[in-house]
Structures are given as C-alpha cells and as structure tokens.
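# Coordinate inspection notes
Read off the chains here:
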2 protein chains.
Amino acid sequence: MPRRIREQQIIDVAVQVFARRGYHPASVDEIAELAGISKPMVYLYLDSKEGLFLACLRREAERLVAAFQGAARDVRTPELRLWAGLSAFFAFVAEHRDSWVVLHRQASQLSETITAEVAQARRAVMAEVAGLVRDGIGEALGPVPVADEEADFVAHALVGAADSLTDWMERHPGESPERVTRRLMNMVWVGMRNVLAGEIWTPPAGSGPQGPEPAGRSGAPAAPAGPAGEGRSVRE
Amino acid sequence: MPRRIREQQIIDVAVQVFARRGYHPASVDEIAELAGISKPMVYLYLDSKEGLFLACLRREAERLVAAFQGAARDVRTPELRLWAGLSAFFAFVAEHRDSWVVLHRQASQLSETITAEVAQARRAVMAEVAGLVRDGIGEALGPVPVADEEADFVAHALVGAADSLTDWMERHPGESPERVTRRLMNMVWVGMRNVLAGEIWTPPAGSGPQGPEPAGRSGAPAAPAGPAGEGRSVRE
DNA sequence: TCGTAATCTTACTCACCAGTAAATTTACTT
DNA sequence: AAGTAAATTTACTGGTGAGTAAGATTACGA
C-alpha cells in the first residue's frame, strides 16, 4: 500500500476519532487499529500525535475554505455572494460534521502549535466572510475608513451564528442548509425588526454560480437555486 | 479552614486551570497545589475529577444566568430587555473569561455525564435568550404558532454570535461591552441592509433596570445607560 | 539472484496521572 | 482532659498511552 494512500486513510480515521473523542482522549492506538495498521506506521508517516492532528486540521480546513470560495466565486452581487457562501458552509457542516468538530470545537485545550494553527484556519474563514461583508458595505457606502473593523465585527458575528446554528440543525433534521441560510440572511441582512414588520429576504431564482465545481469533496453544493423571488421583496 | 470555603477556593483554582489547559490535560495535582492543599482533599470534597469539573460548571453557569436574568429583569420593552441581556452577557464574559471558557469551549471531548450537563447549561442560556426573542416576536405579531421554533433559531444565532464576538473583543480591548452590544443589536435587530442605508439603533437614555443588583458577582453591570437617543432613530 | 529501499509488525520503555489507604493533626465539645 | 469529628497529609497503586528499538516482510530494479 503506497504511502500517499495510507496517509489519507489514517487521516480519514483520525478525523472521525478526534471528532468523537476529542484530542486528548483519542489514542493513537485506537486510530491505528481502526485504520487497520499498527501504531509505528502512524509515527513513521505523521511524526507524532500532534502532527497527525495538524494533518487532519489542514486537510479539513482546506476543504472547507475551498467549498466556501467555490460557492461564492462567480456570483455577482455581494448580497448573493454572502448567501452562496453561507449556504455552502451549512451544507459542508451538515455533510461533514466530523470535519467541523475537529476544525472548530477543539481549539482551547490544545498545545501552543495547534492552537496557533486552529487560530489561523479560523482567521482564513473569517477573512473570507469579512471580504464578502466588506464588499457589501463598500458597495453601499463607497470607500469608508472604518469599514475593515466593521466588516471584521460582522464576520465574527456571522461565523459564530453559523457555528451555533450547526447545533440547531442537528436538532431539526428536516431543515435544509438553504432554509437555514435564508433565515440567517433574513435575520442579519434584513433585521429582526423589519422581519417582524413583514419584510423578508428571498434569493432570486437561478442565482447560483455558473463556474465548475471546486476542490471541496462531494459535498458543499454551490449556491443552490432557492424558490422564486425577486432578491428583495416586501410582504404586506 | 471550613469545608464551604475550601470548596470555593478549590473551584476558583479549578476554573482557572480547566480554562487554561482544558479538561484532560489539567491535572488534579496541579489544581490541588495551586489551591495550597493536597490532592486527597479535592477527592474528599468533590469526589472525582469529573465531580470537580461539574462543580465548576454549575457554579459558573449559575452566575452567568443570574447576571443575564438580573439585567433583563424589570426592563419594560422586549427590545430593551434583549439589549440589557446581551449587554450583561458581554460584560460577564469580558470580566470572567475563564468562566466562559469552562462553560462553553469544553463541550465536545468530555464524558457522557459532563456533556449532558454542558448541554443543559447551554440550553438554559438559550432558553433565556429565546424567551426575550419570543417576547419580541409575540409583541409584534401576537400569538403565532411557529414562534417557538423561530425564536429558538434566532436565539441560537444570537448566542453563537455573542460567543464568537467574545474573541473579537479580546482583540479590541478598547471596545466596551455596551458598544459591542449596540453593534450586535444594529446588525440583528435593524439589519445590515438598513444599517447600510443609514438607519441605526440606539438605546434610549436612562433605560436600565431599576431593581436591586442580582446574584451574579461583582461584574455584570445591569443594562447601562447608553448615550442619548430615541430608541429608534434614523440618520440622513 | 542479490541488494536495497519501502512497508509493516511485535514487543517493549517510560512518564504521567486518577484515585486510595492509612494515618496525623487540628479544633471543638462535654 | 478526654473524646470525637473535621481537616489534612504522606506515600502509595494501577492503568493507560505516547513514543521507540529492532527486526520482519514485501516489491522491484540491476
């Protein structure tokens, strides 16, 4: 069995085990056994437990960012890019829950080097989102000096909300990533007060990106075509 | 040294250590030493490492909920209650960072019983927030059948956003909890589109609760009086 | 067929840490 | 002062798990 393939097999298993048990309770012995291989192989290929975890981290982070970027790419307006990106995020998390757990829910209790890496992965995602938000602000207001800090703030809030809604989705299996995204857009983009007043946001039909499917695995459907709508509509 | 006091001392130290190291890497030996006592004392009073962690969890959760409830109590409109609650949350997290880390950032990799407890604590917070949101929706729309699920959704998004903004605050030491809250309210309650259009939300002067300070420790100032404003204002 | 480089295993070592047994000291009551 | 209950310690055990040494097996080109 050639090295490249073995490595991926090991990482596949490791992501599952790290997600289920957490970093410290996960044992390299168990990972090796589930991968159908003996422990020294893991050390030969991935150096250490930490190295193994970092490999998991990097691969999954890459996949998530790719899914996010791929979905938002080629979408015209900032508003719809944000929608496409969030949609891809929810789809990714729904399909690869283990990836997300490893990626985000392991941050605090790990070693210096790992936290640094997690923080960097998180920053990468944050930067993507902040970019989309900044575009939106920029388009509406033109170049404004405080926009960077403001966009960063909004990005943090959005990513945090999306993360938490991951739990909500788990308890509402009927909900599709698209519906969740639409609700979030309503809440953030239109605002609760206006939603309560009857205003809603609906993605226009056929607004998905036209580019080819990007790197991210099977999942992460690019911005799916929601039900018909005018992009911005007001009810009542 | 009487038992009650020792227990609190131990828990004080344990919260710090658990927050810094995470559950598994934290050793009872270290906690005992930092608390200035020997290990068997910890086991005598708190039963086990898990018991110790649960004690930390319960105490900090109680404090946070108390701060939240205390701030929102006696505030008249749902809108301002939400503001007061969020404000108290940010103030609490800013002042007791360790509590928040133990409370929330340790969820996935722990034992069955602990995850259950964490989930319950989280649900308690979520229920508080959902209550405020439901009030808001109820006030605007009257009794609506779907309101419960909708409120739960919004609560998840809000709590997640608030959690993530915790990190943002850490990198922006100049920002006060009140300013962060105001920004979040703008984003969620008014909506980005309307914010971009020039609309902003400002809490009216002197709108804090009049009741006595509740259980929560020193921190968690009740809804602070923001700068003057009309509660809902439009710029430009 | 020989050699060599990769793949892979068995069988350890060593450190750390949760939990405990068995006292010992302190403080308070009668 | 005697007695007893609480507070507190020293000194262990047992298990687990990261990491490794040393060698076995396969693949394959010269």
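Residues numbered from 1 in each chain as written. Chains lettered and ligands numbered in written order. Predicted model: local features only at pLDDT ≥ 70, side-chain atom pairs only at ≥ 80, totals over all residues. Heavy atoms only, no water.

## Concerning the protein's contact with DNA strand C
By nearness alone, 17 residues border DNA strand C, and R3 and S38 of chain A together with K39, Y43 and K49 of chain B come closest of all. Backbone sugar and phosphate groups make up 56% of those atoms of DNA strand C lying within 4 Å of the protein. One of the backbone nitrogen or oxygen atoms of S38 of chain A is found 2.7 Å away from a phosphate oxygen of DNA strand C. A distance of 3.2 Å separates a phosphate oxygen of DNA strand C from a polar atom in the backbone of A26 of chain B. Broken down by class, the residue content of the surface near DNA strand C amounts to ten nonpolar, three polar and four charged. (Near = heavy atom within 4 Å. Polar contact = N/O pair within 3.5 Å; in protein donor to acceptor, adjacent residues only side chain to side chain. Nonpolar A, V, L, I, M, F, W, Y, C, P; charged D, E, K, R; others polar.)

## Focus: the packing of aromatic side chains
Considering all chains together, one arrives at twelve aromatic pairs over all chains under this definition. Ring centres of W168 of chain A and F153 of chain B lie 4.9 Å apart, and the angle between their planes is 90 degrees; on these two criteria the pair is classed as edge-to-face. Remark: F153 of chain B occurs in helix α8 (residues 147–171) and W168 of chain A occurs in helix α8 (residues 147–171); the pair is interchain, linking two chains. A relative accessible area of 0% means that W168 of chain A is categorised as buried. Among the aromatic residues, those joined into a ring-pair cluster are F18, Y23 and F53 of chain A. The ring of F153 of chain B has R183 of chain A lying over it, and the distance from NZ or CZ to the ring centre is 5.2 Å. Taking NZ or CZ as reference, K49 of chain B lies 4.8 Å from the ring centre of Y23 of chain B, over its face. (Phe/Tyr/Trp six-rings, centres within 6.5 Å; stacked < 30°, edge-to-face > 60°. Helix = DSSP H or I, 4+ residues; strand = E, 2+ residues; numbered from the N terminus. Buried < 20%, exposed > 50% of the residue type's maximum accessible area, 1.4 Å probe, protein only. Lys NZ or Arg CZ within 6 Å of the ring centre and 35° of its normal.)

## Regarding the interface of chain B and chain A
Taken residue by residue, the interface counts 48 residues in chain B and 47 residues in chain A. Between chain B and chain A, roughly 4,200 Å² of surface is buried when both sides are summed, and carbon and sulfur atoms account for 60% of that area. Three residues stand out in chain B for area buried against chain A, namely F153, R193 and L196 of chain B, and they jointly supply 19% of the buried area on that side. Where chain B packs against chain A, one counts six salt bridges. Across the pair R183 of chain A and E150 of chain B runs a salt bridge, and its minimum N-O distance is 3.1 Å. On inspection of chain B and its partner chain A, the count reaches twelve residue pairs in polar contact (both at pLDDT 80 or more). Those elements that provide at least two residues to the side of chain B that touches chain A are α1 (3–21), α7 (112–141), α8, α9 (177–190), α10 (192–196) and β1 (199–202) of chain B. (Contact = heavy atoms within 4.5 Å. Buried area = accessible area lost by both parts, 1.4 Å probe. Salt bridge = Lys/Arg side-chain N within 4 Å of Asp/Glu carboxyl O.)

## Re the protein's contact with DNA strand D
Near DNA strand D lie 18 residues; those nearest to it are V28, K39 and Y43 of chain A together with R3 and S38 of chain B. Close to the protein, within 4 Å, the atoms of DNA strand D belong to sugar or phosphate groups at a rate of 53%. In the model, a phosphate oxygen of DNA strand D is placed 3.0 Å from a nitrogen or oxygen of the V28 of chain A main chain. Between DNA strand D and K49 of chain A there is a distance of 3.0 Å, counted from a phosphate oxygen to a side-chain nitrogen or oxygen.

## Quick word on the UniProt feature "DNA-binding region" (unreviewed entry) in chain A
On the UniProt side, "DNA-binding region" (unreviewed entry) is annotated at positions that read residues 27–46 of chain A here. What you have in residues 27–46 of chain A is 75% helix and 0% strand, and the ends, taken at the C-alpha atoms, are 14 Å apart. (UniProt positions renumbered as here; feature names shortened; annotations may be inferred.)

## So, the environment of I114 of chain A
Residues and elements named next belong to chain A. Within the fold, I114 resides in helix α7 (residues 112–141). Assessed through its relative accessible area of 0%, I114 is described here as buried. Distance from I114 to E50, taken between C-alpha atoms, is 7.5 Å for residues 64 residues apart in sequence. Leave out the neighbours within four places in its chain, and I114 touches Y23, E50, F53, L54 and L57.

## Examining the relation of the copies chain B and chain A
Overlaying chain B on chain A yields an RMSD of 0.1 Å, the required transformation being a rotation through 180 degrees with an accompanying axial translation of 0.1 Å. With respect to symmetry, the two chain copies, as superposed, fit the operation of a two-fold axis. For chain B, the minimum C-alpha distance to the rotation axis belongs to G191 of chain B and amounts to 1.7 Å. Most of the interface of chain B is mirrored in chain A, where 98% of its interface residues are also at the interface. (Least-squares fit on C-alpha atoms with pLDDT ≥ 70 in both.)

## Some thoughts on the pattern of salt bridges
For side chains bearing opposite charge, pairing can occur when the charged atoms are close. Evaluated as defined, the whole model comprises 30 salt bridges over all chains. We note a salt bridge from R183 of chain B to E149 of chain A, for which the minimum N-O separation is 3.1 Å. On the criterion of chain membership, the pair formed by R183 of chain B in helix α9 and E149 of chain A in helix α8 is interchain, its members lying in two chains. Judged by its relative accessible area of 27%, E149 of chain A falls in the partly exposed class. Each of the salt bridges in this network shares a partner with another, and the network as a whole consists of E149 and E150 of chain A together with E175, R179 and R183 of chain B.

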